[in-house]
Each structure stands twice: as C-alpha cells, then as structure tokens.
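# Topology and contacts: notes
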Amino acid sequence: MSIDPQHLIGLRARGERIAWGTREALLYALSLGFGRRVGRAGELGFVFEGAGLKVVPTLASALARNDFLKGCGWDEARLVPSFERLTVLRALPPAGNLLLDGEVAAVHDLGADTGTLVVLRLQARHAADDQPAFIVERGILARGDGGCGATLGSVPAPPPLPARSADFSCDLAIAPEQALLYRLNGDMHPIHADPGLARRAGLPGPVLHNLCTLGVACRGVLEVICDFDPTLVTSFEGRFTGGVYPGDQLALDIWQQANVLSFRVRVPARDQVVVDHGRCVLAT
C-alpha cells in the first residue's frame, strides 16, 4: 500500500480549463456508435452539424478528466473505474469552454485483496458566465493499494433495480474498432489497443473503456426512450461490473417509472452484467 488516505482526502484542484468544439462532439458520438444507421430519424443530428448538432449528454464524463491525481502515490497500472454518476445542470452546447473544479470526496479501504475505492467529485462551470454545467462523481478502485484502513467521506449508494421484468430491451453492437476510436477522446491507455499488453494483464484482448460502455448505454436510452432528444437527460449513472470487448453484442434492459429509468447492460453470450444499478433521470 503506497497511498496516504489523509493526503488524498485533502487534494483539490480548481479552474482547470477544458475546451471542446464541433469536432470533439462529433468524434465522441461516432465513438459510441452513432452514425451506423443515419437513416433513422434523429440519429443524424449527433454526427452531422447541418441542422444544428446534438450533443450526447455523457460527453461531459469524457471531458471531465482527473489529471490532478497523477503522481498521488497509487499504482496507476492497477486502477479500475468503479462507477460514474453524471448530473447535467445545463445541456452542453456543440462547442464551449469550461472551468473544472475537483476534489477527493471519499477514500474507502475495501481490503488488501480488493483495493481502495477513491471517489472524485468534479464540478464544471462555463467559463463565459461562471454558471454550473455539470457534476461528475467518479469511483476509482485502486486495486494495488488496499489495506490502508481508511473510511473517509461517503460513497454514493447504488440505486436499486426493480424486482420485475424490464419494460424495454434493445441490442447494442460494439464494433471491432470501437475501443480504438473511443480512445481518441482522450483516454489513450494502451490496454484499450495493444493485444499483447492486454494478454499480459490477464485479459483476452484490448478492453473497451468503461466510460464508452456507459456512453453506449446512454445512446440506447436516447433511442428507445427519448426519441433522440439529449436535453431530456438530467442525470446518468452506472456501476461497472465487467469488461466489454470490441465485437461484443450488448443487451440494454430498461425499467421506467415516470421520469426515472433504471437500467443494466449485459453481454448475453457470457451471461455477464457489465453495467449494473444504472439510473437515468429525465426532465419533466
């Protein structure tokens, strides 16, 4: 164990500048699989700016990078995303500038064999008027740093799934090149591209980014429930429970109760749930 929990819980960053434009918004949508069926009404608006570009809400998670924790002492090679919770305070435009504030909100030791869960809280505000844009709560499991004995701060509880059959289900295909495309959004870790490195890590091959899987789930919700209207999504979250690989076929199960959607993502071929305790709140 090499991290210092008391040091981590006090880490702060303020005013990190983030800029994106139409190119970044288009690339993000393409990397989630938008554009494969552009003849479908509503989908073209995410991959072509001609009639006014639509922005996928989970682009916020891709923009909210947590570089302020680099060099904090943990084993970066053994970090695994645990969960992501996005709250949209103002829909992202096709281009803009943000100021990102970050802090470590919680550090929980889950045992020497499991690791330490570190929860980040990232708050973005628009540079032009200082108004809030979104909040990301991100759980990162430091697998190589368990046994620190810390229980600092609070960890968000996973939303429960209804005890009944799903109201909606849809299939979501992961293209063979999807991880290679998604990494161009900024997460260039070689585990998503290098087959040799992936095998040395005990994986069958390069693994898809967990945030890409969550974004693909958001694509499914936009198609099945929202008629491709991204402004309806006010929050989106999920717990990462398994790996997704390029070429996988996913199944998205959705339960709806008024404006609250519960969901999970499965890989039927492996009988594995890869995103659990999903929750999306729609504008009323």
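Further up the page is the structure itself.
Note that this is a predicted model, so its numbers are computed, not measured. (Residues numbered from 1 in each chain as written. Predicted model: local features only at pLDDT ≥ 70, side-chain atom pairs only at ≥ 80, totals over all residues. Heavy atoms only, no water.)

This next bit is on helix H2 (residues 22-31). Among the residues of H2, Ala-25, Leu-26, Leu-27, Tyr-28, Ala-29 and Ser-31 are the ones counted as buried. Packing partners of the buried residues in H2 comprise helix H3 (59-63), helix H4 (178-182) and helix H6 (210-224). The first or second residue beyond H2 is Gly-33, which carries a positive phi of 105°. (Buried < 20%, exposed > 50% of the residue type's maximum accessible area, 1.4 Å probe, protein only. Helix = DSSP H or I, 4+ residues; strand = E, 2+ residues; numbered from the N terminus. Contact = heavy atoms within 4.5 Å.)

This part covers the environment of Val-244. Locating Val-244 in the fold gives a position in the loop between strand S8 (233-240) and strand S9 (249-257). Setting aside residues no more than four positions away along its own chain, Val-244 makes contact with Ile-174, Val-207, Leu-208, Thr-213, Leu-250, Arg-270 and Val-274.

Attention shifts here to the environment of Val-155. Mapped onto the elements of the fold, Val-155 is located in the loop between strand S6 (151-152) and strand S7 (168-173). On the basis of relative accessibility, which here comes to 29%, the residue Val-155 falls in the partly exposed class. Spatially, the C-alpha atom of Val-155 lies 40 Å from that of Ala-41, the residues being 114 residues apart in sequence. Beyond its immediate chain neighbours, meaning those up to four positions away, Val-155 contacts Phe-83, Ala-106, His-108, Leu-117 and Val-119.

Per the stated rule, a full pass over the model turns up 15 salt bridges. Asp-253 serves as the salt-bridge partner of Arg-264, at 3.2 Å between the closest nitrogen and oxygen. Here Arg-264 is found in strand S10 (residues 260-267), whereas its partner Asp-253 is found in strand S9, with 11 residues between them in sequence. For Asp-253, a relative accessible area of 3% puts it in the buried group. Connected through salt bridges with shared partners, the residues Arg-14, Asp-101, Arg-125 and Asp-130 form a single ionic network. (Salt bridge = Lys/Arg side-chain N within 4 Å of Asp/Glu carboxyl O.)

Of note, Glu-237 is situated in strand S8. On the accessibility criterion, Glu-237 (5% relative accessible area) is buried. A polar atom in the side chain of Glu-237 sits 2.8 Å from the side chain of Arg-239. (Polar contact = N/O pair within 3.5 Å; in protein donor to acceptor, adjacent residues only side chain to side chain.)

This paragraph deals with the pairing of strand S5 (residues 132-142). In regular strands, side chains alternate between the two faces of the sheet. Extensive coverage of S5 is indicated by the burial of 10 of its 11 residues. Pairing between strand S4 (residues 116-126) and S5: 10 bridges, direction antiparallel. Residue pairing in the sheet places Arg-125 in a bridge with Pro-132 of S5. From the end of S4 to the start of S5, which pair antiparallel, there are 5 residues, and Asp-130 there has a positive phi angle of about 65°. (Pairing = 2+ DSSP bridges.)

Okay, unusual backbone geometry next. Of note in the backbone geometry, Asp-130 takes a positive phi value of approximately 65° without being a glycine. Accessibility expressed as a relative area gives 43% for Asp-130, which makes it partly exposed. For Asp-227, which is not glycine, the phi torsion reads 55° and is therefore positive. Relative to the helices and strands, Asp-227 is located in the loop between H6 and S8.

The subject of this paragraph is the nonpolar core. Counting 74 residues, the largest nonpolar core has Phe-134 and Phe-263 as its most contacted members. The dominant element in this core, judged by the number of residues it contributes, is H6, at 7 residues. Ignoring sequence-local partners within four residues, the contact set of Phe-134 consists of Ala-60, Ala-64, Leu-86, Thr-87, Val-88, Leu-89, Leu-92, Leu-98, Leu-122, Gln-123 and Ala-124. (Core = buried A, V, L, I, M, F, W, Y, C linked by side-chain atoms within 4.5 Å.)

A complete count under the given rule lists 4 aromatic pairs for this structure. Consider the rings of Phe-34 and Phe-46, whose centres lie 4.5 Å apart with planes at 25°: the pair is stacked. With a gap of 12 residues between them, Phe-34 in the loop between H2 and H3 and Phe-46 in the loop between H2 and H3 connect regions that are remote in the sequence. Look at Phe-34 and you get buried, because its relative accessible area is 2%. Members of the aromatic cluster, connected to one another through ring pairs, are Phe-34, Phe-46 and Phe-228. The positively charged end of Arg-239 is found above the aromatic ring belonging to Phe-83, 4.6 Å away from the centroid. (Phe/Tyr/Trp six-rings, centres within 6.5 Å; stacked < 30°, edge-to-face > 60°. Lys NZ or Arg CZ within 6 Å of the ring centre and 35° of its normal.)

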